[in-house]
Amino acid sequence: MTRAVLSIGSNLGDRLDHLRGAVTALGDAVLLVSGVYETPPWGDADQPAYLNAAVMVADPAATPGDWLARARAAEAAAGRTRDADRRYGPRTLDVDVIAVWDDAGHPVLNDDPELTLPHPRAHLRAFVLRPWIDIEPHGRLPGHGWLTDLLNAEPLAADALELSPRPDLTLESDT
């Protein structure tokens, strides 16, 4: 079995519906879904705010490449188009594979440019770490440390204050 943490975000169209669509697309693989957070855009401030969440998934047959394929399929279903000229631009849905563990519980390390594991910038993104803490309060980002330590360290401590929990918005799964 492989287990993975995915980060999902949307800032175009019906943001909540796009996140719910991602959870639905992951189907029976979904183990846990975080709360929803409204977050300022990262990397390119000239765009709407995001809704972000984290999803813990597991599948006995899934490889890291399978998780990437599922992420991209969910993005495509939400009408995601990639703008080569605007790396951190707005999107209907963004699904990132943050970390993967093998059936023995060991983190999968991968330096392939198509899928680097763990995600090379996850430790720098409060909008990834904070929702992940919801579903794994004592979690660790492989190669970087405890999620709570990363979130509370500079420069993320200031970013974390800009995340707004949205308890009025929920992501329900059929699992």
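All of these numbers come straight from a predicted model, not from anything done at the bench.

**Student:** Looking at this structure, how should I read the packing of aromatic side chains?
**Tutor:** Aromatic rings considered in pairs are described by the distance between their centres and by the relative angle of their planes. According to the stated counting rule, one finds one aromatic pair in the structure shown. With a centroid separation of 6.3 Å and 65° between ring planes, the pair formed by Trp 101 and Trp 132 is classed as edge-to-face. In this pair, Trp 101 sits in strand S5 (residues 94–101) while Trp 132 sits in helix H3 (residues 126–135), placing the two residues 31 residues apart along the sequence. The exposure class of Trp 101 is buried, given its relative accessible area of 6%. A cation over an aromatic ring shows up here: Arg 3 above the ring of Trp 101, its NZ or CZ 4.2 Å from the ring centre. The ring of Trp 67 carries the charged tip of Arg 70 above its face, separated from the ring centre by 4.7 Å.

**Student:** Would you take a moment to explain the pairing of S5 for this structure?
**Tutor:** In regular strands, side chains alternate between the two faces of the sheet. Of all eight residues that make up S5, eight are buried, and the element is covered over most of its length. Relative to S5, strand S1 (residues 2–10) runs antiparallel, the two sharing seven bridges. Its bridge partner lying in S5, Ile 8 is registered against Val 95.

**Student:** I would appreciate a short explanation of helix H1 (residues 15–26) in the present structure.
**Tutor:** Each turn of an α-helix holds 3.6 residues, which means side chains three or four residues apart point in the same direction. The terminal C-alpha atoms of H1, which comprises 12 residues, lie 17 Å apart, in line with the 16 Å expected from a rise of 1.5 Å per residue. Looking at H1, one finds that the buried residues are Leu 16, His 18, Leu 19, Ala 22, Val 23 and Leu 26. Buried residues of H1, viewed axially, fall in a sector of 165°; they line one side. Away from the buried face of H1 by more than 90 degrees, exposed residues Thr 24 and Ala 25 are located. If you follow the buried residues of H1, they end up packed against S1, strand S2 (30–33), strand S4 (50–59), helix H2 (64–77) and S5. Gly 27 lies just past H1 and shows a positive phi near 55°.

**Student:** Got a minute to help me understand the pattern of salt bridges in this structure?
**Tutor:** Pairs may arise between side chains of opposite charge once their charged atoms sit close together. Counting across every chain of the model gives 10 salt bridges. Two residues, Arg 72 and Glu 114, come together in a salt bridge whose shortest N-O distance is 2.5 Å. Note that Arg 72 is positioned in helix H2 and Glu 114 in the loop between strand S6 (110–112) and strand S7 (115–117), a separation of 42 residues in sequence. In this structure Glu 114 comes out as partly exposed when scored by relative accessible area, which is 46%. Put simply, Asp 134 and Arg 130 hold a salt bridge, and the shortest N to O gap is 2.9 Å. Taken as a pair, Asp 134 and Arg 130 lie in helix H3 at a separation of four residues, close to a single helical turn.

Basis of the calculations
Residues numbered from 1 in each chain as written. Predicted model: local features only at pLDDT ≥ 70, side-chain atom pairs only at ≥ 80, totals over all residues. Heavy atoms only, no water. Phe/Tyr/Trp six-rings, centres within 6.5 Å; stacked < 30°, edge-to-face > 60°. Helix = DSSP H or I, 4+ residues; strand = E, 2+ residues; numbered from the N terminus. Buried < 20%, exposed > 50% of the residue type's maximum accessible area, 1.4 Å probe, protein only. Lys NZ or Arg CZ within 6 Å of the ring centre and 35° of its normal. Pairing = 2+ DSSP bridges. Expected span 1.5 Å × (residues − 1). Arc of directions from axis to C-beta. Contact = heavy atoms within 4.5 Å. Salt bridge = Lys/Arg side-chain N within 4 Å of Asp/Glu carboxyl O.

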